[in-house]
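# Coordinates in review
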Number of protein chains: 2
Amino acid sequence: MNALTLRSEESAMTPLQARRLRIHTVHESVVFLRADSPVCRAEGLGTQVRVVVRSGAREIMATLYQVEGEQLGVDEAGLSESAWLQLRIQDGDPVSIRHPRPVNSHSALRRRVFGLRLDDTSLGMVIDDIAAGRYSDVHIASFLAACTTLPLDLQETRSLTRAMVDTGVRLDWGSSMVLDKHCVGGLPGNRTTPLVVAIVAAHGLVIPKTSSRAITSPAGTADTMETLAPVDLPIERIREVVEKEGGCVVWGGSMQLSPADDIMIRVQRALDLENDGQMVASVLSKKVAAGATHIVLDIPVGPTAKVRSAAAADHLEAVMKAVAADFGMEMVIQRSDGRQPVGRGIGPALEARDLLAILNGAPDAPQDLTDRACALAGVLLEMGGKVEPGEGLALARETLADGRALRKFEAICEAQGGRREPPVAPLRQTLCAGEAGQVSAIDNRRLARLAKLAGAPETACAGVEMHVRLDDTVAEGQPLCTIHSASRGELEYALAYAEANPEIISILPF
Amino acid sequence: MNALTLRSEESAMTPLQARRLRIHTVHESVVFLRADSPVCRAEGLGTQVRVVVRSGAREIMATLYQVEGEQLGVDEAGLSESAWLQLRIQDGDPVSIRHPRPVNSHSALRRRVFGLRLDDTSLGMVIDDIAAGRYSDVHIASFLAACTTLPLDLQETRSLTRAMVDTGVRLDWGSSMVLDKHCVGGLPGNRTTPLVVAIVAAHGLVIPKTSSRAITSPAGTADTMETLAPVDLPIERIREVVEKEGGCVVWGGSMQLSPADDIMIRVQRALDLENDGQMVASVLSKKVAAGATHIVLDIPVGPTAKVRSAAAADHLEAVMKAVAADFGMEMVIQRSDGRQPVGRGIGPALEARDLLAILNGAPDAPQDLTDRACALAGVLLEMGGKVEPGEGLALARETLADGRALRKFEAICEAQGGRREPPVAPLRQTLCAGEAGQVSAIDNRRLARLAKLAGAPETACAGVEMHVRLDDTVAEGQPLCTIHSASRGELEYALAYAEANPEIISILPF
């Protein structure tokens, strides 16, 4: 078939005047046009279609909403805040709007949704299109669901990781050994990273830790650290911090380490969904991009943790190691007890308070969190050649006890922009035992949900403070945990959930 | 755990003034609040969270966008058009906004996405929540993808159909025999329904046909019929039409026959995705709701049709019959040639012209469409007891030839609100053979995509007009098909796709 194709740019150039509407839409950029706008007519643009918005050399994808009436001029294009910032324009600047090209990888997506495996090339196309913002959230959701219902196999996971690495930047720290640490999560309050970084960096090892914000949990390391020091630093500033202190705890999201992953994570969060292959690709693509060479991986295992059985842990471990090897990374994996939350706090500020208590050697500092951090730091001290195998744990404890870790942590906070005090929630409600008995089970998933309903991680001071641990005996009316919140609506929402879910903390009556 | 729960209604009642923004968002209702609104602060409502908007006794789910600046008052709630119409309020009316309750069926959705089967109860909860608008589009997308990657089994399909029926209305036509006809689609231009209804109703049988608009195709029967007569009728009017003429061809979407299905179909359309179980549940739930007792089902089979092989047709046929039997419906299934489009037109108006040509016995009327319509009508005439088995086809042809079908069709159009003339597209572009040869293959999927890119079905006059059929021999430069469009943007978009996809119509050179 040969067809005379008019040049698409012609009509694409129908000019409109940009107008900033200061509407915050987070995910999708939105552009508002009058239904009677000549562009809508000329381009046949219906409402809620995806369009390309161009200003000068910049182009973004956006969702079009049609509006009626005078709040917008017929020759104006109203832009949501994210669209406005991405295009970097001024009120009145000319913008053009046109149909996007068909998305090439949608047929590959379709094949995967219908249960067929995808090869290197196809997954590469999917990830490129996602990274370029060509996928709507429903398309991303269908991809994530398909890769969960029919789990990604090893080959697909390798291809996915490779594709994610290829879409991002790759950092070089000018050191032959760059240490890193990761926890697959699922365990509320398991905030070991800042402690591990402080201990390891105190011994002169290089550990430039880029952390994520919460995906499906009440707090990510970046969320918690942000209550103690700035974490959203440009790459140049991060280099200064690492050159000066050997380590850092910063947010990796602004660094485009794995842009496709950053986009997919938003939908994963909305769906409260994460699958093994996706997890491996997400973790390792970011480690490769961050320039890590030696990694210790913490896999908490428990009935309500992200990894629920030894068999599941075996599978995840095998895939992690195989894919890590593809990229020449050394990885030591440590399994830990995932039956209950770690420390006392669940939520950014509450977890930060646990960290400060440990670093300052407070008598009531949570021992379980201390033990976990030292075990992981010990492995890295051994990988880093600072001690013989088997001696890492002792050195880690010593570094914490004699204040070296505290001094290093304070120095890192200063270098990142200055130490902060974690905020305190104005509203609290304590939940008490309905009867005397023994704490027989704690549901991590529901507990995390409770902390999220209370406002974590968006509201830093919000979350849950635990007063009991597994096997504790409690009297009737004894406090089990306290909900911290910044708004009445969220507190009520969390309380309603707690009432409907008594199994969050199970009491076995005497 | 026992917790003192404040009554959620208290804070829910923080009053705001409704303001109509006349923003069209189609799917999701949207509410705009000032970021500094007391409600956002009191309820801890971030941007793009799902909220409950209440006015008097009415409640809807909506997505919240925060805005800054003066275009909205700090005590105002700006509402999208769909939210405005659902709440049926006036400017200045008080509205309240609060967090929704957690969605009960999300844990069931999660199980299904992780590859576990759902039982009656769980699927019922999912469908109830979807019908009540408690699912966001990404949650619906993950459900549809999961049910495609791990196909719904027979038991799940039964449960899904039952759940869909239970959420909708159920019509009673006061007749012991109510005929119906359905095509699983996937074949562009296969617009037999209006012909079948006209032929069958001409013999005094009851066939109240409620049709859908396009799901993933360039035109649904309702889209095509709407270019010939009004199809969006209230149920009372539909009864009048059926009592007067015995048959109708109306849009079923406004009748809440299967509200959950209507919601899911929008996401299916965005994903261009339909799976067997979903298809069966969608079709049969609507047939049960529409009160049908005897159904003829057309299943076109071909390499690029929706059903691609005899094996796939066997599976669909088995599931269809099993579930139909659950509801005591008699069903005859006819398979048809699905290797190429039917008739000449693809798109609402172009297909309507084919229908008029056939009804009026025009010499150039497409024979293939005539044959298909008569075959299906023949089955219904036999099921309806108007002729002996085997004599239905002949009676159908006779009814068409002697003008009885035309008169009945015109009478139905008048009863529905008056006959219309299908619109004509202002822009056309003919695609020609690049070389001489024989038409060796036609790709229905890509052809449908081409018609959709040209503007169908939203733009009624848009679509593709075919000039060749399989096995035709063509000279170089001979017209293969003509793209009809109402806007330059869409025409260019379609042409770009045609250029990139020469296999839409494959020519085997001599």
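The rules behind the values
Residues numbered from 1 in each chain as written. Chains lettered and ligands numbered in written order. Predicted model: local features only at pLDDT ≥ 70, side-chain atom pairs only at ≥ 80, totals over all residues. Heavy atoms only, no water. Least-squares fit on C-alpha atoms with pLDDT ≥ 70 in both. Contact = heavy atoms within 4.5 Å. Helix = DSSP H or I, 4+ residues; strand = E, 2+ residues; numbered from the N terminus. Expected span 1.5 Å × (residues − 1). Buried < 20%, exposed > 50% of the residue type's maximum accessible area, 1.4 Å probe, protein only. Salt bridge = Lys/Arg side-chain N within 4 Å of Asp/Glu carboxyl O. Polar contact = N/O pair within 3.5 Å; in protein donor to acceptor, adjacent residues only side chain to side chain. Nonpolar A, V, L, I, M, F, W, Y, C, P; charged D, E, K, R; others polar. Pairing = 2+ DSSP bridges. Axes fitted to C-alpha atoms, helices over the stretch in contact; angles between N-to-C directions. Parallel < 35°, antiparallel > 145°, perpendicular 65-115°, else oblique. pLDDT = per-residue confidence, 0-100. Phe/Tyr/Trp six-rings, centres within 6.5 Å; stacked < 30°, edge-to-face > 60°. Lys NZ or Arg CZ within 6 Å of the ring centre and 35° of its normal. Arc of directions from axis to C-beta.

## Comments concerning the relation of the copies chain A and chain B
- Its rotation angle being 180°, the transformation that places chain A on chain B also includes 0.0 Å of axial translation and leaves an RMSD of 0.0 Å. In symmetry terms, the pair is related by a two-fold rotation axis.
- Counting the interface residues of chain A, we find that 100% of their copies in chain B are interface residues as well, pointing to one common contact surface.

## Details of helix α6 (residues 137-149) of chain B
- For α6 of chain B, with 13 residues, the first-to-last C-alpha span of 18 Å sits near the 18 Å given by 1.5 Å per residue.
- The buried fraction of α6 of chain B amounts to 13 of the 13 residues, a majority that puts the element mostly inside the structure.

## Quick notes on the interface of chain A and chain B
- Taken together, the contact between chain A and chain B spans 76 residues of the former and 78 residues of the latter.
- Viewed at the interface, chain B and chain A are joined by 2 salt bridges.
- A salt bridge links Glu 68 of chain B to Arg 22 of chain A; the nearest nitrogen and oxygen atoms lie 4.0 Å apart.
- Summed over the shared surface of chain A and chain B, the result is 16 residue pairs in polar contact (both at pLDDT 80 or more).
- In terms of residue count, helix α19 (residues 488-500) of chain A provides more of the side of chain A that touches chain B than any other element does, 10 residues in total.
- Counted by class, the side of chain A that touches chain B contains 36 nonpolar, 22 polar and 18 charged residues.
- Inspection of the sheet shows strand β2 (residues 23-24) of chain A paired to strand β5 (residues 58-67) of chain B by 2 bridges, in the antiparallel sense. Bridge assignment links Ile 23 of chain A to a residue of β5 of chain B, and that residue is Val 67 of chain B.

## Describing the sheet that holds strand β17 (residues 473-474) of chain B
All names here are of chain B.
- A sheet is described by the order of its strands in space; here 3 strands give the open sequence β17-β15-β19, paired in antiparallel fashion. Each having just a single partner strand, β17 and β19 (505-509) make up the two edges of the open sheet.
- Across 2 bridges, the pairing between strand β15 (residues 437-442) and β17 is antiparallel. By the bridge assignment, Gly 437 is partnered in β17 with Val 474.

## Examining the side chain of Thr 304 of chain A
Residue and element names in this part refer to chain A.
- Within the element layout of this structure, Thr 304 appears in the loop between β11 (294-301) and α13 (310-326).
- Residue Thr 304 is classed as buried on the basis of its relative accessible area of 16%.
- Here the side chain of Thr 304 touches Asn 444 through a polar contact of 3.0 Å, landing on its backbone nitrogen.
- Beyond its immediate stretch of four places on either side in the chain, Thr 304 contacts Gly 186, Ile 442, Asp 443, Asn 444 and Arg 445.

## Brief notes about the sheet that holds strand β12 (residues 330-337) of chain B
Residue and element names in this part refer to chain B.
- With respect to topology, 3 strands assemble into an open sheet ordered β8-β11-β12, the strand pairing being parallel. Taken across any chain shown, the strands that pair with only one partner, and hence form the sheet edges, are β8 (179-183) and β12. The mean inter-strand angle of the sheet, taken between neighbouring strand axes irrespective of direction, is 20°.
- By the bridge criterion, 8 bridges tie strand β11 (residues 294-301) to β12 in an arrangement that is parallel. When the sheet's bridge partners are listed, Val 296 is paired in β12 with Val 332.
- Of the strands in this sheet, β8, β11 and β12 touch helix α15 (residues 367-383), which is tilted by about 160° from β12.

## Some words on the environment of Leu 64 of chain B
All names here are of chain B.
- Its place among the elements puts Leu 64 in strand β5.
- Note: C-alpha distance between Leu 64 and Val 49 (15 residues apart in sequence) is 5.5 Å.
- With sequence-adjacent residues up to four places away left out, Leu 64 is seen in contact with Val 31, Leu 33, Cys 40, Leu 45, Gly 46, Thr 47, Gln 48, Val 49 and Val 51.

## Notes on the packing of helix α5 (residues 120-131) of chain B against helix α11 (residues 259-271) of chain B
Residues and elements named next belong to chain B.
- It is at 8 Å that the axes of α5 and α11 come closest, and there the two elements cross at 75°. Between α5 and α11, the angle is such that the two are roughly perpendicular. When α5 is examined against α11, the residues Ile 127, Ile 130 and Ala 131 are found in contact with a partner set consisting of Ala 260, Ile 263 and Met 264.
- Counted by class, the contact of α5 with α11 contains 6 nonpolar, no polar and no charged residues.

## Describing the confidence of the model for chain A
Residue and element names in this part refer to chain A.
- Summary statistics for chain A give a mean pLDDT of 91 and a share of 97% for residues scoring 70 or more.
- This model gives residues 1-13 a pLDDT under 50, and the stretch forms 36 contacts once residues within four places in sequence are excluded.
- Across the whole predicted complex the pTM is 0.83, and at the interface the ipTM reaches 0.82.

## Overview of the packing of aromatic side chains
- Counted according to the given criterion, the structure contains 3 aromatic pairs over all chains.
- Each residue in the set Phe 32 and Tyr 65 of chain A together with Phe 32 and Tyr 65 of chain B is aromatic and connected to the rest through ring pairs, giving one cluster.
- Over the aromatic face of Tyr 497 of chain A sits the side chain of Arg 449 of chain A, whose NZ or CZ is 5.6 Å from the ring centroid.
- One cation-aromatic arrangement involves Arg 213 of chain B over Trp 251 of chain B; the distance from NZ or CZ to the ring centre is 4.6 Å.

## As for the pairing of strand β10 (residues 247-251) of chain B
Residues and elements named next belong to chain B.
- Here β10 lies mainly inside the structure; 4 of its 5 residues are buried.
- Note that strand β9 (residues 207-211) and β10 share 5 bridges and pair parallel. Within β10, the residue paired with Ile 207 across the bridge is Gly 247.

## So, the pattern of salt bridges
- The full count for this structure, using the stated rule, is 75 salt bridges over all chains.
- Between Arg 339 of chain A and Asp 337 of chain A there is a salt bridge; the shortest N-O distance is 3.0 Å.
- We classify Asp 337 of chain A as partly exposed; its relative accessible area is 35%.
- Asp 153 of chain B is paired through a salt bridge with Arg 117 of chain B; the nearest N and O atoms lie 3.5 Å apart. A residue pair is termed long-range when its members are at least 10 positions apart, and Asp 153 of chain B in the loop between α6 and α7 (154-167) and Arg 117 of chain B in the loop between α4 (106-113) and α5 qualify at 36 residues.
- We classify Asp 153 of chain B as partly exposed; its relative accessible area is 27%.
- With relative accessibility at 38%, the residue Arg 117 of chain B sits in the partly exposed group.

## Examining unusual backbone geometry
- Between Ala 456 of chain A and the following residue, Pro 457 of chain A, the backbone shows a cis peptide bond with an omega angle of 0°.
- Mapping Pro 457 of chain A onto the fold places it in the loop between α18 (444-453) and β16 (463-466).
- The backbone of Arg 22 of chain B shows a phi angle near 55°, a positive value even though the residue is not glycine.
- In this fold, Arg 22 of chain B is placed in the loop between β1 (16-20) and β2 (23-24).
- A relative accessible area of 32% means that Arg 22 of chain B is categorised as partly exposed.

## Describing helix α16 (residues 392-401) of chain B
All names here are of chain B.
- Those residues of α16 not exposed but buried are Gly 392, Leu 395, Ala 396, Thr 399 and Leu 400. When α16 is viewed along its axis, its buried side chains cluster within an angular range of 135° and face the same direction. Of the exposed residues in α16, the ones pointing more than 90 degrees away from its buried face are Ala 394 and Ala 401.
- Elements that come into contact with the buried residues of α16 comprise α8 (193-201), α14 (348-359), α15 and α17 (404-416).
- The first or second residue beyond α16 is Gly 403, which carries a positive phi of 85°.

## Re the pairing of strand β6 (residues 76-79) of chain A
All names here are of chain A.
- Here β6 shows a buried face lined by Glu 76 and Gly 78 and a second buried face lined by Ala 77 and Leu 79.
- Relative to β6, strand β1 (residues 16-20) runs parallel, the two being bridged by 4 bridges. Considered in β6, the bridge of Gln 17 is made with Glu 76.
- Summarising the sheet, strand β3 (residues 30-34) and β6 pair through 3 bridges and their orientation is antiparallel. The residue bridging Leu 33 from the neighbouring strand is Ala 77, located in β6.

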